Amino acid sequence: MTATSTPVEAAQRGLAQVWIDFESALSQVPIVARLLAGRLRLEDYQRLLVNLRQQVIEGSRWISRAASNLSPAHEELRALFVRHAVAEHRDFRLLERNYVACGGALDVIQSAPKNIGSEALSAFMYHSASRPDPIGLLGAMFVIEGLGERLATAWAARIQEQLGLDDAALTFLRYHGEHDGDHLDMFDRALALGVTDRARADDVVRHAKIVARLYRLQLEELDNV
């Protein structure tokens, strides 16, 4: 951090670098590489939906836990966390409907276990959310919401083009492509409220790095399930 930069600015610079590294590494993950090369298979997309559901269904839960562990000094930040949890608590239903729309059976997506990457990601999220004032989780939100804002719309278009799916099979990605920009606006406000010193900034960036790696692991494991 330079002499004139604020903790928030330091966090923003760190997060920008995390995203650059994450997006570059993501393109090497087998399922993403097939998508980018125009070689995605229907079974790839179905596995993606199944495994995303097991992660997404936990999302509002760990955000709610994080909110409950914010102290009264962070009351406004807690309110933002709660709003975010409410906004996302039924997103897994979109994944279920998309899976059925592309030929999958509802009981399959509802009963599938988490893959190794999803287990690791979920465990880290709950561990961090259970700590006092878990402001570092803003870094996790940055990575996950960034996927929606920056990649979901383009991925949906590529998937539809390659697989010839109806719109009903792509509502999860398209919804997040349209709305995660709003969530990132909320994130910017939360960052300003929560990152009050260099230690907080470093913690946010550290969480982003960990979640970026675990999210990649979750997608890498799609070829192992």
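Relevant structure appears above.
None of the values given here were measured: they were computed from a predicted structure.

S.K.: Would you explain the overall build of the protein in this entry?
M.R.: A count of helices and strands for the protein gives 10 helices and zero strands. In the protein, the succession of α and β elements from N to C terminus is α-α-α-α-α-α-α-α-α-α. Taking 225 residues into account, the globule formula puts the C-alpha radius of gyration at 17 Å, and the protein, at 17 Å, falls close to it. For the protein, the C-alpha atoms occupy an extent of roughly 55 × 30 × 30 Å along the three principal directions. Sorting the 225 residues of the protein into buried and exposed places 52% on the buried side. A sequence separation of at least 24 residues applies to 80% of the contacts in the protein between residues at least 6 apart.

S.K.: Help me out: how do you make sense of helix H1 (residues 7–26) in this one?
M.R.: With 20 residues, H1 should reach 28 Å at 1.5 Å per residue; the first-to-last C-alpha distance of 28 Å fits that figure. Three or more residues of H1 are buried, namely Val8, Ala10, Ala11, Gly14, Leu15, Val18, Trp19, Phe22, Ala25 and Leu26.

S.K.: So what exactly am I meant to see when it comes to the packing of aromatic side chains here?
M.R.: Within a pair of aromatic rings, the relevant descriptors are the distance that separates the centres and the angle that separates the planes. Considering all chains together, one arrives at three aromatic pairs under this definition. Where Trp19 meets Phe22, the ring centres are 5.4 Å apart and the plane angle is 70°; that geometry is what we call edge-to-face. Taken together, the residues span about one helical turn, with Trp19 and Phe22 both in helix H1 at a distance of three residues. Like Trp19, the residue Phe22 is buried in the burial classification. Aromatic pair Phe142 and Phe187: ring centres 5.7 Å apart, planes at 40°, arrangement tilted. Taken as a pair, Phe142 in helix H8 (residues 137–163) and Phe187 in helix H9 (residues 171–194) lie far apart in primary sequence, 45 residues in all. Judged on exposure class, the residue Phe142 and its partner Phe187 are both buried. Put simply, the rings of Trp19, Phe22, Phe142 and Phe187 pair up and form one aromatic cluster. In this arrangement the basic side chain of Arg150 is found over the ring face of Trp19, its NZ or CZ atom lying 4.8 Å from the centre.

S.K.: Which parts of the structure should I look at to understand the environment of Ala157?
M.R.: Looking at the element boundaries, Ala157 is found in helix H8. The class of Ala157 is partly exposed, set by a relative accessible area of 40%. Each C-alpha atom, one on Ala157 and one on Leu217, is 24 Å from the other, the two residues being 60 residues apart in sequence.

S.K.: Help me out: how do you make sense of the pattern of salt bridges in this one?
M.R.: Any two side chains of opposite charge can pair, given that their charged atoms come close. Taken as a whole, this structure holds 13 salt bridges when the rule is applied. Note that Asp44 is salt-bridged to Arg34, the shortest N-O span being 2.9 Å. Here Asp44, found in helix H3 (residues 42–68), pairs with Arg34, found in helix H2 (residues 30–36); they are 10 residues apart in sequence, far enough to count as distant. On the basis of relative accessibility, which here comes to 0%, the residue Asp44 falls in the buried class. Looking at Arg34, the relative accessible area reads 11%, which means it is buried. Counted as one network, the salt bridges with shared partners bring together Arg34, Arg41, Glu43, Asp44, Arg47 and Asp223.

S.K.: Can you walk me through the nonpolar core in this structure?
M.R.: Note on soluble globular proteins: their nonpolar side chains tend to be buried together. If you look at the biggest cluster of nonpolar residues, it comprises 75 residues, and the most contacted ones within it are Leu26, Tyr45, Trp62, Phe81, Leu138 and Leu219. Not counting the four nearest positions on each side in its chain, Tyr45 is found in contact with Leu40, Asn98, Cys102, Ile159, Leu163, Leu165, Ala169, Leu170 and Leu173.

S.K.: I tried to follow helix H5 (residues 91–101) on my own but got confused; where do I start?
M.R.: One turn of an α-helix holds 3.6 residues; hence residues three or four places apart share an orientation. For H5, every residue scored as buried is listed here: Asp91, Phe92, Leu94, Leu95, Glu96, Asn98 and Tyr99. Looking one or two places after H5, you find Gly103, whose phi comes out positive at around 100°.

The rules behind each value
Residues numbered from 1 in each chain as written. Predicted model: local features only at pLDDT ≥ 70, side-chain atom pairs only at ≥ 80, totals over all residues. Heavy atoms only, no water. Helix = DSSP H or I, 4+ residues; strand = E, 2+ residues; numbered from the N terminus. Rg over C-alpha atoms; globule rule 2.2 N^0.38 Å. Buried < 20%, exposed > 50% of the residue type's maximum accessible area, 1.4 Å probe, protein only. Contact = heavy atoms within 4.5 Å. Expected span 1.5 Å × (residues − 1). Phe/Tyr/Trp six-rings, centres within 6.5 Å; stacked < 30°, edge-to-face > 60°. Lys NZ or Arg CZ within 6 Å of the ring centre and 35° of its normal. Salt bridge = Lys/Arg side-chain N within 4 Å of Asp/Glu carboxyl O. Core = buried A, V, L, I, M, F, W, Y, C linked by side-chain atoms within 4.5 Å.

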